[in-house]
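Inside the fold
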Amino acid sequence: MASGNNPENNMFQFDNFGSIQAEPTDHYYLNSNNSDTAKKCLNKHNTLSTIMKEWKILSKNLPDSIYVRVYESRIDLLRAAILGPAGTPYHDGIFFFDILLPYDYPKQPPTVYYHSHGYHINPNLYKTGYVCLSLINTWSGEKNEMWTKKSTLLQILVSIQGLVLNDRPYFNEPGFGDLRNSTDSEWINRSIRYNEESFLLSCKTMLHVIRNPPQNFEGLVVGHFRDRAASILAAIKDYQEGRALIGQFPNTNEGESSFEVSPKFKADLMSLHSDFENALSDLNSVANNMNISAESVVEELPRGSSSTTNSAINNNSKESTESVVKKELPIKSSSISNNSKTNKKGFLGKLVSKFGKCYSSIN
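All of the points below concern the structure found in this document. Keep in mind the model is a prediction, meaning the values are calculated, not measured.

Our focus in this paragraph is the sheet that holds strand S5 (residues 111-114). Ordered by their spatial adjacency, five strands build an open sheet running S1-S2-S3-S4-S5, and the pairing between neighbours is mixed. Across the chains shown, the open sheet's two edge strands, defined by having one partner strand only, are strand S1 (17-20) and S5. Each neighbouring strand pair of the sheet contributes to a mean axis angle of 20 degrees, computed without reference to strand direction. Pairing of strand S2 (residues 66-71) with strand S3 (residues 74-83), which is carried by six bridges, proceeds in the antiparallel orientation. Bridge assignment links Tyr71 to a residue of S3, and that residue is Arg74.

Before going further, it helps to spend a moment on the pairing of S3. Most of S3 is tucked away, with 10 of its 10 residues classed as buried. Taking the residues that link successive antiparallel strands as the turn, the S2-S3 hairpin has two residues.

Another aspect to go through is the pattern of salt bridges. One pass over the full model with this rule turns up 11 salt bridges. For Glu196, the salt bridge goes to Arg193, with nearest N and O atoms at 3.0 Å. Residue Glu196 and its partner Arg193 are located together in helix H4 (residues 185-211), separated by three residues, close to a single helical turn. Glu241 is the salt-bridge partner of Arg243, the closest N and O atoms lying 2.2 Å from each other. Note on Arg243: relative accessible area 8%, which makes it buried. A residue is classified by how much of its surface remains accessible, and Glu241, at 30% relative accessible area, is partly exposed.

For the rest of this paragraph, the subject is unusual backbone geometry. The linkage connecting Tyr105 with the following residue, Pro106, adopts the cis geometry, with an omega of 5 degrees. Inspection of the secondary structure assignment puts Pro106 in the loop between strand S4 (94-100) and S5. A positive phi angle, close to 75 degrees, is found at Asn216, a residue other than glycine. If you trace the backbone, Asn216 turns up in the loop between H4 and helix H5 (218-240). A residue is classified by how much of its surface remains accessible, and Asn216, at 0% relative accessible area, is buried.

Our next topic: the packing of aromatic side chains. Taken as a whole and assessed by the stated rule, the structure comprises 15 aromatic pairs. Centre to centre, the rings of Tyr28 and Tyr29 are 5.0 Å apart; their planes meet at 85 degrees, and the pair counts as edge-to-face. When the ring of Phe97 is compared with that of Tyr114, the centres are 5.2 Å apart and the planes differ by 35 degrees; the resulting orientation is tilted. Here Tyr114 lies in strand S5 and Phe97 lies in strand S4, a separation of 17 residues in the sequence. Tyr114 matches Phe97 in its accessibility class, with the two residues each being buried. Site record: aromatic cluster; members linked through ring pairs are Tyr170, Phe171, Phe176, Trp187 and Tyr194. Here the guanidinium or amino end of Arg69 rests over the ring plane of Phe14, the centre of that ring lying 4.1 Å away.

Here S1 shows two buried faces, one formed by Phe17 and Ser19 and the other by Gly18 and Ile20. Where S1 lies against S2, four bridges are found, and the strand directions are parallel. By the bridge assignment for S2, Phe17 is matched with Val68.

Leu58, Val68, Phe97, Ile156 and Leu157 are the most contacted members of the largest nonpolar core, which has 39 residues in total. If you list the elements that add at least two residues to this core, you get helix H2 (45-61), S2, S3, S4, S5 and helix H3 (153-164). The element best represented in this core is H3, accounting for seven residues. Setting aside residues up to four positions removed in sequence, Phe97 forms contacts with Leu78, Arg79, Ala80, Ile82, Val112, Tyr113, Tyr114, His115, Leu125, Val131 and Ile160. In terms of nonpolar packing, the next biggest core, distinct from the first, is built from 36 residues, Val222, Leu233, Ile246 and Leu272 among them.

Calculation notes
Residues numbered from 1 in each chain as written. Predicted model: local features only at pLDDT ≥ 70, side-chain atom pairs only at ≥ 80, totals over all residues. Heavy atoms only, no water. Pairing = 2+ DSSP bridges. Helix = DSSP H or I, 4+ residues; strand = E, 2+ residues; numbered from the N terminus. Axes fitted to C-alpha atoms, helices over the stretch in contact; angles between N-to-C directions. Buried < 20%, exposed > 50% of the residue type's maximum accessible area, 1.4 Å probe, protein only. Salt bridge = Lys/Arg side-chain N within 4 Å of Asp/Glu carboxyl O. Phe/Tyr/Trp six-rings, centres within 6.5 Å; stacked < 30°, edge-to-face > 60°. Lys NZ or Arg CZ within 6 Å of the ring centre and 35° of its normal. Core = buried A, V, L, I, M, F, W, Y, C linked by side-chain atoms within 4.5 Å. Contact = heavy atoms within 4.5 Å.

Structure follows, in structure tokens:
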């Protein structure tokens, strides 16, 4: 179990679920639930028991591409990092969400804040941090898509990854869902242009995260981008030269440019490639400061080439949870694969001494 606010410094040892002793000072909801009424309600046995049950579900069922930290001093706060799925304009990105459990949880749904850094990368994720999702009652939906007392945090996280961060987010816009499978060239081209803009903004989000990783996730950020550096730069190069559409990296045309690229988009990608080279090269010094044993990042990156190793490509973040979605949600999603990861057994058992009967009641 992690403790304090010290970063967990190695991605390969960065568990999908972990407990931190003290809440992060950069959490969006740090000053929420501070009233006497809220504190009293959060300390009720039923509320504590429900939250402990949520922690247990997360500790055993999170997919490999979602990471969550909870806070022993503030059990109403959580922070989640979601890796962008492969095959989407969000591939290789890390997207952070701060979560607040209301004092009458689970009667009311959690409140979720997206760290946008000022970029509107998706119709459901606003620049203000607002998350538009029926499961948290911030958007309309069928009765079985709305929050109930039986809903879980896991459902929210896999919904964001699989249904929001999808391969054609343009059709997340209200009223456009029925056009997703349209063969009309106008709608296809609109979706392609939207994917281009989403990829650019996703990359800018990545750059911000690299330079300013959220508390307690520094090791994940450094490890992830150190491992994905070559693939990110190769993808940018492929898109710039028209060898692949956004989200369809790696290309299958072996050097053949077959997609039209606008001069503006090409210029934007050239600028991004340079920015990423600079940012990723800094990961060595960051890793050294964090005592992470890191090999050189930029020295081994492809220059002017889209080639990269199969292992680097196949380790992309499409390790989500079709199995979890099918089990937890009344929806289908073809963009979510069936990998899930179980963390170390007995982790939550360490919390028994702190939460006593509340945890014992859910075992």
